[in-house]
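# Close look at the chain arrangement
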2 protein chains.
Amino acid sequence: MNIEMIRAAAQRIKGHAHVTPLLSSPFLDKIAGRRVLVKAECLQHTGSFKFRGGRAAVSALSDAQLMNGVIAYSSGNHAQGVALAAKEHGAPAVIVMPSDAPKIKVNNTRALGAEVILYDRATEDRDAIGQRIASARGLTLIRPYDEPEVIAGQGTVGLEIASQATALGVTEADVVVCCGGGGLTSGIALALAADAPKMRVHPAEPADFDDVTRSLAAGKIVSNARLSGSICDAIVTPQPGNLTFPIMQAHCGAGVVATDEDCLRAMGLAFERLKIVVEPGGAVALAAALFYPEQFTGDTVIAVTTGGNVDSATFIRALETL
Amino acid sequence: MNIEMIRAAAQRIKGHAHVTPLLSSPFLDKIAGRRVLVKAECLQHTGSFKFRGGRAAVSALSDAQLMNGVIAYSSGNHAQGVALAAKEHGAPAVIVMPSDAPKIKVNNTRALGAEVILYDRATEDRDAIGQRIASARGLTLIRPYDEPEVIAGQGTVGLEIASQATALGVTEADVVVCCGGGGLTSGIALALAADAPKMRVHPAEPADFDDVTRSLAAGKIVSNARLSGSICDAIVTPQPGNLTFPIMQAHCGAGVVATDEDCLRAMGLAFERLKIVVEPGGAVALAAALFYPEQFTGDTVIAVTTGGNVDSATFIRALETL
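Values in this document were obtained by computation on a predicted structure and should not be read as measured data. (Residues numbered from 1 in each chain as written. Chains lettered and ligands numbered in written order. Predicted model: local features only at pLDDT ≥ 70, side-chain atom pairs only at ≥ 80, totals over all residues.)

Moving on, we come to the overall build of chain A. Of the regular secondary structure elements, chain A holds 14 helices and 10 strands. A compact globule built from 322 residues would reach a C-alpha radius of gyration of about 20 Å, and chain A, at 18 Å, matches this within 12%. On the principal axes, the C-alpha backbone points of chain A span a range of 55 × 40 × 40 Å. Each of the 322 residues in chain A was classed as buried or not, and the buried ones make up 59%. Residue pairs at least 24 apart in sequence account for 75% of intrachain contacts in chain A once pairs closer than 6 positions are excluded. (Helix = DSSP H or I, 4+ residues; strand = E, 2+ residues; numbered from the N terminus. Rg over C-alpha atoms; globule rule 2.2 N^0.38 Å. Buried ≥ 20, exposed ≤ 12 C-beta atoms within 10 Å, placed from the backbone. Contact = placed C-beta atoms within 7 Å.)

What follows is the structure in structure tokens.
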């Protein structure tokens, strides 16, 4: 992995992925006690940053690979990102999804033309299922985070943060990124190390599902004790990736955590002050920025709101915190 | 009014106003039966396009005028736009607001440092109140739409639509704009006449409050029969402006209308598919684009979602339409 791969991915997705805005509100600044900038990746195609990695990976394939098709496993956002990218390239897509994924994510993935295969996340191994089907059908497996072209695609968020923040006169900041397996976090960290080296990246995770935070503290990969029980379903993963963890070790500051309740409050404030829809797992970085200011040292914090695929019932819970 | 004033306003607000994204979803395209692009002005500072006009007008004032301060009357969005622009220039601001304006808009306007004076919209004339206080206190009155620099500021939305759509290969489209007094609609129409002359602008209004649509059809200014009773409060005005109407006559196609219920459905779809928060009056253009496709003829419709300042209770009504 290197910065050139990220710049090449940026060229390939240009005009296809949105350059998402860097939003702000004086009301949020007041809550956090410092300037807060929000990189609104929930506005990306398919409602999350995952389209960048999907598009970057699919667009790197050969014509023969595209004709055979691709396969991905995902709790939902990577599924939609890969499905849309495959559709745009005319490539068949198979998506392996947990049977307890939000129905809207399953339906959206099917509506984007993909074949969906469900599995039980408590008893089955999604990587093994993905590899088995990939080899049986000759599909190219696009992993959700431990995949160089996916990390490169997600890293384009970092290139945009560097250029958009610089345009506002901000070159030093704590950059807080909602973190599951670490594809987005490591990609952003690599991009900022090159383009905005005074920015410090912090992975943000739900309390009790803080494998990356604990792994960084321990200096080695450690796992979550369990994989269900958080409303931040989109970013609950067993442990940091083998590719992503060393990058985060080299380039990231300490991880930060926020509770499910904090995420709902951050979603409510994002509705009220920024007019964006954020899902629980996409709000954990903003929650940390707003409600745990003592974890940061600089004048500015940049929080990436990574996704907006949330059902009405959960969103109403967030509105009720206002 | 001319295109040079809009380009000059664009220079003055550059780096202060957001270049809002042009969003899309294959799911919305399917509903409308054609390509739908959404200019998400609800993501603008203060939650509506009104910041552009406020900033353009305030930034055109002399130092002496800024020191004396500004006054505006508004149901809420223009209030916040002018208040923030004044604050950024260190100028005092007085805002005259109807006593039945949504509480969040009154509170936000005060929180932005403005002095708020309430009036009864059924019995008092806001323009008379504004002019009286302006001359008593030496303030500069910034009207919400019949004000050249305000129209110029709103017209910057049109410059962005032309350049963003062209980047997507779209040069012909029906451009649907939520319309109250016509400041935004006339500004966009002027900008597109210069930069994208194959685009046709259509004002969009709530059913039963369609003064602009009827005025365009009649060839002269006609008024609304009443001024309350729509959830689209932000865009209910007595009649088109004296400055804005001739511009709309010269450059706009027929007006389109949608019901309050259509607006709620469009807000729900904007939540689900675009991850943006739109207020009822900001959703009428999208509602027309999605649910009244027979009013348009081209392959692409561009809907401007003009604001996102909506309370939780109304937003929950929109979610319940999903």
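Quick look at the interface of chain A and chain B now. At the interface, 21 residues of chain A touch 21 residues of chain B. Among the elements that make up the side of chain A that touches chain B, the one with the highest residue count is helix H14 (residues 312-319) of chain A (4 residues). In terms of residue class, the side of chain A that touches chain B is built from 14 nonpolar, 6 polar and 1 charged. (Nonpolar A, V, L, I, M, F, W, Y, C, P; charged D, E, K, R; others polar.)

A separate point is the domain arrangement of chain A. Residues and elements named next belong to chain A. When the domains of chain A are assigned, the result is domain 1 (3-49 + 148-319) and domain 2 (51-141). Distance from the C-alpha centre of domain 1 to the C-alpha centre of domain 2: 23 Å. If you list the elements that add at least two residues to the side of domain 1 that touches domain 2, you get helix H1 (3-13) and helix H8 (148-167). Residue composition of the side of domain 1 that touches domain 2, by class: 9 nonpolar, 11 polar and 4 charged. (Domains from an automatic or database assignment.)

The transformation that overlays chain A on chain B combines an axial shift of 0.0 Å with a rotation of 180°, and the residual RMSD is 0.0 Å. When the rotation and shift are considered jointly, the pair of chain copies conforms to a two-fold rotation axis. Residue Ile 276 of chain A, judged by its C-alpha, is the member of chain A lying nearest the rotation axis, at 2.3 Å. (Least-squares fit on C-alpha atoms with pLDDT ≥ 70 in both.)

Turning our attention to the sheet that holds strand E5 (residues 115-119) of chain B. The strand order E5-E4-E3-E6 (chain B) describes an open sheet built from 4 strands, whose pairing is parallel. The open sheet has two edge strands with one neighbour each: E5 and strand E6 (140-141) of chain B. (Pairing = 2+ DSSP bridges.)

Right, let's get into helix H5 (residues 77-88) of chain A. All names here are of chain A. In this model, H5 (12 residues) spans 17 Å end to end at C-alpha, consistent with the 16 Å of a helix rising 1.5 Å per residue. The element H5 is extensively covered by neighbouring structure, given that 10 of its 12 residues are classed as buried. Of all the positions in H5, only Asn 77, His 78, Ala 79, Gln 80, Gly 81, Val 82, Ala 83, Leu 84, Ala 85 and Ala 86 are classed as buried. On its buried face, H5 sits against helix H3 (50-58), strand E3 (70-73), strand E4 (93-98) and helix H6 (103-111). (Expected span 1.5 Å × (residues − 1).)

A word on the sheet that holds strand E8 (residues 199-206) of chain A. Residues and elements named next belong to chain A. With respect to topology, 6 strands assemble into an open sheet ordered E1-E2-E10-E7-E8-E9, the strand pairing being mixed. Edge strands, defined here as strands with exactly one partner in the open sheet, are strand E1 (22-23) and strand E9 (256-258). Summarising the sheet, strand E7 (residues 173-178) and E8 pair through 6 bridges and their orientation is parallel. The partner of Val 176 across the bridge, within E8, is His 202. Most of the contacts of helix H13 (residues 280-291) go to strand E10 (residues 300-305), to which it runs at about 165°, and overall it touches strand E2 (35-40), E7, E8, E9 and E10. (Axes fitted to C-alpha atoms, helices over the stretch in contact; angles between N-to-C directions.)

Turning our eyes to something else, we now look at the pairing of strand E2 (residues 35-40) of chain B. Residue and element names in this part refer to chain B. Taken across its 6 residues, E2 has 5 buried, putting it largely inside the fold. Of the strand pairs in this sheet, strand E1 (residues 22-23) and E2 are connected by 2 bridges, and their pairing is antiparallel. By the bridge assignment, Leu 22 is partnered in E2 with Lys 39. Sheet topology places E2 next to strand E10 (residues 300-305); 6 bridges connect them, and they run parallel. Considered in E10, the bridge of Ala 40 is made with Thr 305.

Take unusual backbone geometry next. Positive phi outside glycine occurs at Asp 208 of chain A, with the angle close to 80°. In this structure, Asp 208 of chain A sits in the loop between E8 and helix H10 (211-218). C-beta crowding within 10 Å serves as the criterion here: with 14 such atoms nearby, Asp 208 of chain A is assigned to the partly exposed category. A positive phi angle, close to 65°, is found at Lys 275 of chain B, a residue other than glycine. Topologically, Lys 275 of chain B is positioned in the loop between helix H12 (260-274) and helix H13 (280-291).

Residues and elements named next belong to chain B. Most of strand E8 (residues 199-206) is tucked away, with 7 of its 8 residues classed as buried. For the crossover that starts at strand E7 (residues 173-178), traverses helix H9 (residues 183-195) and ends in the parallel E8, the hand is right-handed. In this sheet, strand E9 (residues 256-258) lies alongside E8 in parallel orientation, the contact comprising 3 bridges. Of the residues in E9, the one forming a bridge with Ala 204 is Val 256. (Right-handed = clockwise from strand over helix to strand, strands pointing away.)

Residues and elements named next belong to chain A. At their nearest, the axes of helix H12 (residues 260-274) and H13 sit 7 Å apart, and the two run at 90° to each other. With respect to each other, H12 and H13 are oriented roughly perpendicular. Counting all contacts with H12, which are made through Asp 260, Asp 262, Cys 263, Leu 264, Arg 265, Ala 266, Met 267, Leu 269 and Ala 270, the residues of H13 involved are Pro 280, Ala 283, Val 284, Leu 286, Ala 287, Leu 290 and Phe 291. For the contact of H12 with H13, the class distribution of residues is 13 nonpolar, no polar and 3 charged. (Parallel < 35°, antiparallel > 145°, perpendicular 65-115°, else oblique.)

Of the residues in chain A, 100% have a pLDDT of 70 or more, and the chain-wide mean is 96. Across the interfaces of the predicted complex, the ipTM metric reaches 0.96, alongside a pTM of 0.96. (pLDDT = per-residue confidence, 0-100.)

Okay, H13 of chain A next. The buried fraction of H13 of chain A is high, at 11 of 12 residues. For H13 of chain A, the full list of buried residues reads Pro 280, Gly 281, Gly 282, Ala 283, Val 284, Ala 285, Leu 286, Ala 287, Ala 288, Ala 289 and Leu 290 of chain A.

Before going further, it helps to spend a moment on the packing of helix H5 (residues 77-88) of chain B against helix H6 (residues 103-111) of chain B. Residue and element names in this part refer to chain B. Direction vectors running N to C along H5 and H6 enclose 10°, while the axes themselves pass 9 Å from each other. The angle between H5 and H6 places the two elements in the roughly parallel class. In this structure, H5 contributes Ala 79, Gln 80 and Ala 83 to the contact, and H6 contributes Lys 105, Asn 108 and Thr 109. Its residues placed into classes, the contact of H5 with H6 shows 2 nonpolar, 3 polar and 1 charged.

Before going further, it helps to spend a moment on the environment of His 16 of chain B. All names here are of chain B. Here His 16 is to be found in the loop between helix H1 (3-13) and E1. Among the residues examined, His 16 registers 15 C-beta atoms within 10 Å and is labelled partly exposed. Put simply, His 16 and His 45 are 29 residues apart on the chain and 8.7 Å apart in space, counted from C-alpha to C-alpha.

To continue, consider the environment of Gly 113 of chain B. All names here are of chain B. Among the structural elements, Gly 113 can be located in the loop between H6 and E5. The class for Gly 113 is partly exposed, based on 15 C-beta atoms found within 10 Å. In this structure, Gly 113 is in contact with Ala 83, Lys 87 and Ala 93, ignoring residues within four places of it in sequence.

All names here are of chain A. For Ala 196, the location among the structural elements is in the loop between helix H9 (183-195) and E8. Accessibility expressed as a C-beta count within 10 Å gives 22 for Ala 196, which makes it buried. Remark: the alpha-carbon pair of Ala 196 and Ala 173, spanning 23 residues in sequence, is separated by 9.3 Å. What Ala 196 contacts, discounting residues up to four positions off in sequence, is Ala 162, Ala 165 and Thr 171.

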